[in-house]
Amino acid sequence: MPWGPFSEHLVYNRRQDIHAVYGGQQQGGICTPSQHPVIIVFTGSSGEQHGYADGWSSEGVFRYFGEGQLGDMVFERGNRAIRDHLVDGKDLLVFQTRGREGVRFLGQFDCAGHRLETAPDRDGAQRSAIVFELVPANVGEQAEEDAQLVEELELDVDLAGLRTRALEAARSTPQIAGTAARRSLYRRSAAVRRYVLARAAGICESCNEPAPFITLQGEPYLEPHHTRRLSDGGPDDPRFVGAVCPSCHREIHHGLHGSTRNEALIQVIRQKEAPTGR
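Keep in mind it's a predicted model, so treat the numbers as computed, not measured. (Residues numbered from 1 in each chain as written. Predicted model: local features only at pLDDT ≥ 70, side-chain atom pairs only at ≥ 80, totals over all residues. Heavy atoms only, no water.)

(A) Quick look at the packing of aromatic side chains. In the structure shown here, the tally under the stated rule is 12 aromatic pairs. Centroid distance Phe62 to Phe109: 6.2 Å. Interplanar angle 50°. Geometry classified as tilted. You can see Phe62 sitting in strand β5 (residues 62-65) and its partner Phe109 sitting in strand β7 (residues 103-120), a full 47 residues away along the chain. The pair Phe62 / Phe109 is uniform in exposure class, with both members buried. With a centroid separation of 6.3 Å and 70° between ring planes, the pair formed by Phe75 and Phe132 is classed as edge-to-face. Separated by 57 residues along the polypeptide, Phe75 in the loop between β5 and α2 (77-83) and Phe132 in strand β8 (residues 126-136) bring together distant segments of the chain. For Phe132, a relative accessible area of 0% translates into the label buried. If you follow Arg14 out to its NZ or CZ, it ends over the ring of Phe42, 3.6 Å from the centre. Its end group placed over the ring of Phe75, Arg83 keeps NZ or CZ at 4.7 Å from the ring centre. (Phe/Tyr/Trp six-rings, centres within 6.5 Å; stacked < 30°, edge-to-face > 60°. Helix = DSSP H or I, 4+ residues; strand = E, 2+ residues; numbered from the N terminus. Buried < 20%, exposed > 50% of the residue type's maximum accessible area, 1.4 Å probe, protein only. Lys NZ or Arg CZ within 6 Å of the ring centre and 35° of its normal.)

This is the structure we're talking about:
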């Protein structure tokens, strides 16, 4: 799954291809550029000397140790940025260091949860370490195919109820791991999608035209668009997700006036969400 200028499995120069474009800290494992909606993290064997043991779990989750070489890890700076990247509207990119070869792009991920584990710090002393449960961003799309999740969400037939559930889901990064973390991500994505589509009521929130066709499930076909992110993978805060027709969606991403249309969509969503407040 490509992301902007990066393609999975390709190797890049950290300084020239990443920091020269996005800025951010050039040392350490977590880079938080101030001028771009993205969090960039680096993993590699060099972190093992500081007690980090990143890697894939049997459940298909990438376990990423937070920053902090001495003492207990806390949710500050980079650790907070990873935990809250979804509600902050920022994409999370993971690169694997390859020594002099450069850094290999592992892909875009979503933080599905986190857990606290006892692990050694740089001096070998046992401490509480934050381990993030990162899941490839495109797995959120599976929620659309999950009949059980759709059935669960259908219990909330009231728009206000759907909104409440979507907001709670988007702002939650639970302290869970493994399969439970993946399942939580599915629920979050499904909750946000369901509310946004219900809010649109079959009308594109960009061009204000009816959905182009009806799906096999008997619903108007519209696509979620994340107005604050550089991609549409994974869940986001429903106040920053629009339901748009395929034509508007492609124009926003690839059209000459895409940024203008995106700004207009932001205003439409803001007006719809304003009566209920933050």
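After that view of the structure, there is still more to cover.
(B) Just helix α4 (residues 159-170), in detail. Under the 1.5 Å per step criterion, the end-to-end length of α4 is 16 Å for 12 residues, consistent within 8% with the ideal 16 Å. All buried positions along α4 are accounted for by Leu162, Arg163, Ala166, Leu167, Ala169 and Ala170. On an axial view of α4, the arc spanned by its buried residues comes to 160°, and they lie on one face. Capping of α4 at its N-terminal end is provided by Asp158; its side-chain oxygen lies 3.0 Å from the backbone amide nitrogen of Ala160. (Expected span 1.5 Å × (residues − 1). Arc of directions from axis to C-beta. Polar contact = N/O pair within 3.5 Å; in protein donor to acceptor, adjacent residues only side chain to side chain.)

(C) Examining the environment of Arg83 more closely. Within the secondary structure, Arg83 sits in helix α2. A relative accessible area of 24% means that Arg83 is categorised as partly exposed. When the C-alpha atoms of Arg83 and Ala112 are compared, they prove to be 8.7 Å apart, with 29 residues separating the residues in sequence. Leave out the neighbours within four places in its chain, and Arg83 touches Phe75, Cys111, Phe132 and Thr173. A distance of 2.9 Å separates a polar atom in the side chain of Arg83 from a polar atom in the side chain of Asp84. (Contact = heavy atoms within 4.5 Å.)

(D) The pairing of β8, seen in detail. Counted residue by residue, β8 has 8 buried out of 11 residues, so it is predominantly covered. Here β7 folds back onto β8 in antiparallel fashion, the turn holding 5 residues, of which Gly124 has a positive phi close to 90°. (Pairing = 2+ DSSP bridges.)

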